[in-house]
Amino acid sequence: MTSYPRDALTLRQCLGQQPLALTQTFERARRLSEISLALRDWSPEPWMSQIRVANIRGDTLVIYSASAAALVPLRHRSAALLSWLNDRYQLTCTRLDAKVRPPLADAKG
């Protein structure tokens, strides 16, 4: 018979017991989410609610937008955004790759 511990573990504790690759993946996702949320600190404009950080690949910040309209002002201010993110998060991004990717539809049907 398998014995189970009585005390529940936090997600962080569970992941700490997993292989290193899974822990690194979780930390990367957490950081991307944190950076995405911080975009509202950079600009409180309404179109920023359409923007999310999808990835950081080398020197490229990948941004997804729910609408093409939000990408217009973003592209005009991309240098300022990259500079702000590089300063705040010690990134080395010099390029912005912005794409329209609407959020997934609600699966409740």
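Draft legend 1. Representation of the sheet that holds strand S1 (residues 51–57) in the model. Spatially, three strands are ordered S1-S2-S3 in an open sheet, and the strand pairing comes out mixed. The sheet is open, and its two borders are formed by S1 and strand S3 (95–100), each paired with just one other strand. Direction aside, neighbouring strands of the sheet carry axes that sit 25° apart on average. In the packing of helix H3 (residues 68–76) onto the sheet, the strands contacted are S1, strand S2 (60–65) and S3, and the crossing angle to S3 comes to about 165°.

Draft legend 2. Structural view of the packing of helix H2 (residues 20–42) against helix H4 (residues 78–89). Interaxial distance between H2 and H4 falls to 11 Å at its minimum, and their mutual angle equals 125°. In terms of orientation, H2 lies oblique with respect to H4. H2 and H4 meet at a crossing whose hand is right-handed. Residues Arg 31, Glu 34, Ile 35, Ala 38, Leu 39, Asp 41 and Trp 42 of H2 pack against Ala 80, Leu 81, Trp 84, Leu 85, Arg 88 and Tyr 89 of H4. Classifying every residue of the contact of H2 with H4 by side-chain character gives nine nonpolar, no polar and four charged.

Draft legend 3. View of the nonpolar core. Counting 22 residues, the largest nonpolar core has Leu 39, Ile 51, Leu 61, Ile 63, Leu 74 and Leu 85 as its most contacted members. Where this core is concerned, the elements lending two or more residues are H2, S1, S2, H3 and H4. Looking at this core element by element, the count peaks at five residues for H2. Excluding residues within four positions of it along the chain, Leu 85 makes contact with Ile 35, Leu 39, Leu 61, Gln 90 and Leu 91.

Draft legend 4. Layout of the environment of Met 48. With respect to the helices and strands, the residue Met 48 is situated in the loop between H2 and S1. Taking C-alpha positions, Met 48 is 8.4 Å from Leu 74, a pair spaced 26 residues apart along the chain. Beyond its immediate chain neighbours, meaning those up to four positions away, Met 48 contacts Leu 39, Arg 40, Trp 42 and Ser 43.

Draft legend 5. Structural detail: H3. All buried positions along H3 are accounted for by Ala 70, Leu 71 and Leu 74. Take H3 and look down its axis: the buried residues cluster within an arc of 100°, on one side only. In H3, the exposed residues that point more than 90 degrees away from the buried face are Ala 68, Ala 69 and His 76. Those residues of H3 that are buried are in contact with S1, S2, H4 and S3.

Draft legend 6. Molecular detail of the pattern of salt bridges. The full count for this structure, using the stated rule, is six salt bridges. Arg 57 is paired through a salt bridge with Asp 97; the nearest N and O atoms lie 3.3 Å apart. Remark: Asp 97 occurs in strand S3 and Arg 57 occurs in strand S1; sequence separation between them is 40 residues. Asp 97 serves as the salt-bridge partner of Lys 99, at 3.7 Å between the closest nitrogen and oxygen. Among the ionic contacts, a cluster of salt bridges with common partners joins Glu 27, Arg 30 and Glu 34.

Here is what the cut-offs are and how they apply
- Residues numbered from 1 in each chain as written.
- Predicted model: local features only at pLDDT ≥ 70, side-chain atom pairs only at ≥ 80, totals over all residues.
- Heavy atoms only, no water.
- Pairing = 2+ DSSP bridges.
- Helix = DSSP H or I, 4+ residues; strand = E, 2+ residues; numbered from the N terminus.
- Axes fitted to C-alpha atoms, helices over the stretch in contact; angles between N-to-C directions.
- Contact = heavy atoms within 4.5 Å.
- Parallel < 35°, antiparallel > 145°, perpendicular 65-115°, else oblique.
- Left-handed = near helix turned anticlockwise from the far one by under 90°.
- Nonpolar A, V, L, I, M, F, W, Y, C, P; charged D, E, K, R; others polar.
- Core = buried A, V, L, I, M, F, W, Y, C linked by side-chain atoms within 4.5 Å.
- Buried < 20%, exposed > 50% of the residue type's maximum accessible area, 1.4 Å probe, protein only.
- Arc of directions from axis to C-beta.
- Salt bridge = Lys/Arg side-chain N within 4 Å of Asp/Glu carboxyl O.

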